[in-house]
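# Understanding the architecture of this molecule
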Amino acid sequence: MPRADGRNYDEPRKVKIETNFMRTADGSCLIETGNTRVICTASVEENLPSWRKASGLGWVTAEYAMLPASTGQRKRRDGVTKDGRSVEIQRLIGRSIRQAVDMRLLGPRTITLDCDVLEADGGTRTASITGAMVALTLAVDKLMKSGKLRVSPIRHQVAAISCGIVEGIPCLDLCYQEDSKAMVDMNVIMNEEGAYIELQGTGEGRAFSQQELQTLTGYAQKGITHLMKVQREALGESAARIVNRPVMVAASGNAHKIAELQTIFGDRYEVISMQDAGYSDEIDENADTFAGNAAIKAETVSAATGFPVIADDSGLMVDALGGAPGVYSARYCGEHGNDEANNDLLLKNMENETNRAAAFHSAIAVKFPGEETLIAEGVCPGTLLYERRGTGGFGYDPLFLYEPLQKTFAELTADEKNAVSHRARACAAMRRILEARGE
């Protein structure tokens, strides 16, 4: 059976996505798949439905409509009550996109995705889902550029395509002529991992076999891979807002620490600050060990946010001072985070000491909600100098000489420090623990 438009059986229709089609929308595109054309817009409201307000979580919803002239015969406009088909489709669009969004990171706002069919030639619902993903990403990009969002809430890329069996032959991306006579009709929605979000398959004309199902889903995966490439090309730099890594919150407000943790764990997690996760309270670090304080921070922030949390507690232990400043390293001078005063006090207390042996210690704690806290530790030995050297790093870095390189931590490049530091060693140990768990 030759196809109506001459395509191969596993070949999708030509697809084109024009972004920013509606300048008044927060995000928009015109998607064309063959002769099907759909305008998809995303509108952001800084409020939530009444039933959602107490949660503090964001919400993504969708509406779908076919314009009167979208089919060969005029379609009556939807009134106050939409027709059953439109309601079913808009629910499909909404739930398909929602699972790709972390509502905690979206925050207390609503994004409405409107999909309006200009011209229908089969596959309007799948084109709407594919286009809605683009409109949503553009809206998130706008929120981030305006400073209303600091972290992208988009965790997955989503696209959809139709397939079916026409005259006994499995075919991908049915046009209306094929769809109207298909014995088996299927809509497939997937994410970038090749995982199914929804699979709608109906053997209205006849039942279909396991082998036919595998053929159809194989075609669909090939088609969706192509659609996702087109989505990213259309989005350009905005495609970076689709972050395909789980979030790990760093229980710290120290930008240097967070940057180091992101460098070390960035291939596995998107490390964000606890402020970005919505936590800004003080944490009472009252343990007498680095491991104890790291656990307190991780457990406190995880309980408050519901996210997996990574926490670090680290400090300098000087032999001649009996291990001081130790867990009080950040507040050695009596004021938390005053690096200059801490260094001055340390130099004063070491004025008459010839034993300059010291070591940085770090404990990393990871807390997954509902699980026991994981702990890993690392130590980096060195020598305490008599005066500061270097302008990089933070804390006691200018006074701490790493002897194998004959540089202070403040003189090391970021890559050099991340290869040898106490935190890097603790993180490496934690990575081994996470890898053993399959994380």
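Preceding block: the structure.
Right, let's walk through the structure included here. (Residues numbered from 1 in each chain as written. Predicted model: local features only at pLDDT ≥ 70, side-chain atom pairs only at ≥ 80, totals over all residues. Heavy atoms only, no water.)

### Regarding unusual backbone geometry
- The step from Ala324 to Pro325 runs through a cis peptide bond, and the omega angle for that step is 0 degrees.
- Here Asn20, not a glycine, exhibits a phi torsion of approximately 55 degrees, which is positive.
- You can call Asn20 exposed: its relative accessible area is 53%.
- Not every positive phi belongs to a glycine, and Asp173 is a case in point at roughly 60 degrees.
- Structurally, Asp173 is set in the loop between strand E7 (169–172) and helix H4 (176–179). (Buried < 20%, exposed > 50% of the residue type's maximum accessible area, 1.4 Å probe, protein only. Helix = DSSP H or I, 4+ residues; strand = E, 2+ residues; numbered from the N terminus.)

### Some points on the side chain of Asn342
- Looking at where Asn342 falls in the secondary structure, it is placed in helix H8 (residues 339–349).
- The contacts of Asn342, once residues within four sequence positions are left out, are Ser329, Ala330, Arg331, Tyr332, Cys333, Glu335 and Tyr396. (Contact = heavy atoms within 4.5 Å.)

### Overview of empty space enclosed by the protein
- A full pass over the atoms with the stated rule returns one cavity of 30 Å³ or more.
- The space that makes up the largest cavity amounts to roughly 70 Å³.
- Looking at the lining of the largest cavity, the elements that each hand over two or more residues are helix H3 (124–145) and strand E6 (158–166).
- A total of three residues in the lining of the largest cavity trace back to one element, the largest contributor, which is H3. (1 Å grid on protein atoms, 1.4 Å probe; cavity = no way out; pocket = protein on both sides within 12 Å on 5 of 7 lines; lining within 4 Å. Points joined across faces, edges and corners; volume = space filled by probe spheres on them.)

### Considerations on the sheet that holds strand E9 (residues 196–202)
- Strand order in the open sheet formed by four strands is E7-E6-E8-E9, with antiparallel pairing between adjacent strands. Looking along the sheet, the strands with just one partner apiece sit at the ends: E7 and E9. Strand-to-strand twist of the sheet, defined as the mean angle between neighbouring strand axes without regard to direction, takes the value 15 degrees.
- Across six bridges, the pairing between strand E8 (residues 184–191) and E9 is antiparallel. The residue of E9 that forms the bridge with Val188 is Leu199.
- Across the sheet, helix H1 (residues 84–98) is in contact with E6, E8 and E9; its angle to E9 comes to roughly 150 degrees. (Pairing = 2+ DSSP bridges. Axes fitted to C-alpha atoms, helices over the stretch in contact; angles between N-to-C directions.)

### Some thoughts on the nonpolar core
- Val60, Ile93, Ile97, Ile111, Leu113 and Ile129 are the most contacted members of the largest nonpolar core, which totals 58 residues.
- By residue number, the principal contributor to this core is H3, which donates 12 residues.
- Setting aside chain neighbours within four positions, we find Ile111 in contact with Ala42, Ser43, Val44, Trp59, Val60, Thr61, Leu106, Leu136 and Val140.
- With 21 residues, the next largest nonpolar core counts Met274, Tyr279, Ala294 and Ala298 among its residues. (Core = buried A, V, L, I, M, F, W, Y, C linked by side-chain atoms within 4.5 Å.)

### Side note on the pattern of salt bridges
- Counting across every chain of the model gives 33 salt bridges.
- A salt bridge links Asp344 to Arg388; the nearest nitrogen and oxygen atoms lie 2.7 Å apart. Taken together, the residues Asp344 in helix H8 and Arg388 in the loop between strand E14 (374–384) and strand E15 (400–402) connect sequence positions 44 residues apart.
- What makes Asp344 partly exposed here is its relative accessible area of 43%.
- Since its relative accessible area comes to 31%, Arg388 is described here as partly exposed. (Salt bridge = Lys/Arg side-chain N within 4 Å of Asp/Glu carboxyl O.)

### What about helix H10 (residues 422–437)?
- An ideal rise of 1.5 Å per residue puts 22 Å on 16 residues; H10 measures up with 23 Å between its terminal C-alpha atoms.
- Turning to H10, its buried residues are His422, Arg423, Ala424, Ala426, Cys427, Ala429, Met430, Arg431 and Leu434.
- Where H10 is buried, its residues meet helix H6 (255–265), strand E12 (309–318), strand E13 (357–367), E14 and helix H9 (414–420). (Expected span 1.5 Å × (residues − 1).)

### Some details on the state of the cysteines
- Counted under the stated rule, the structure contains zero disulfides.
- Not part of a disulfide, Cys171 finds its nearest cysteine sulfur in Cys175, a span of 9.4 Å.
- Judged by relative accessible area, which is 0%, Cys171 ranks as buried.
- Unpaired in terms of disulfides, Cys427 finds its nearest cysteine sulfur in Cys380, a separation of 13 Å.
- With a relative accessible area of 0%, Cys427 lands in the buried category. (Disulfide = S-S within 2.5 Å.)

### Observations regarding the pairing of E8
- Of all eight residues that make up E8, seven are buried, and the element is covered over most of its length.
- In the sheet, E6 pairs with E8 via eight bridges, with the strands oriented antiparallel. Within the sheet, the bridge partner assigned to Gly164 lies in E8 and is Asp185.
- The turn joining E8 and E9, which pair antiparallel and follow one another in sequence, is formed by four residues; a positive phi near 80 degrees is taken by Gly194.

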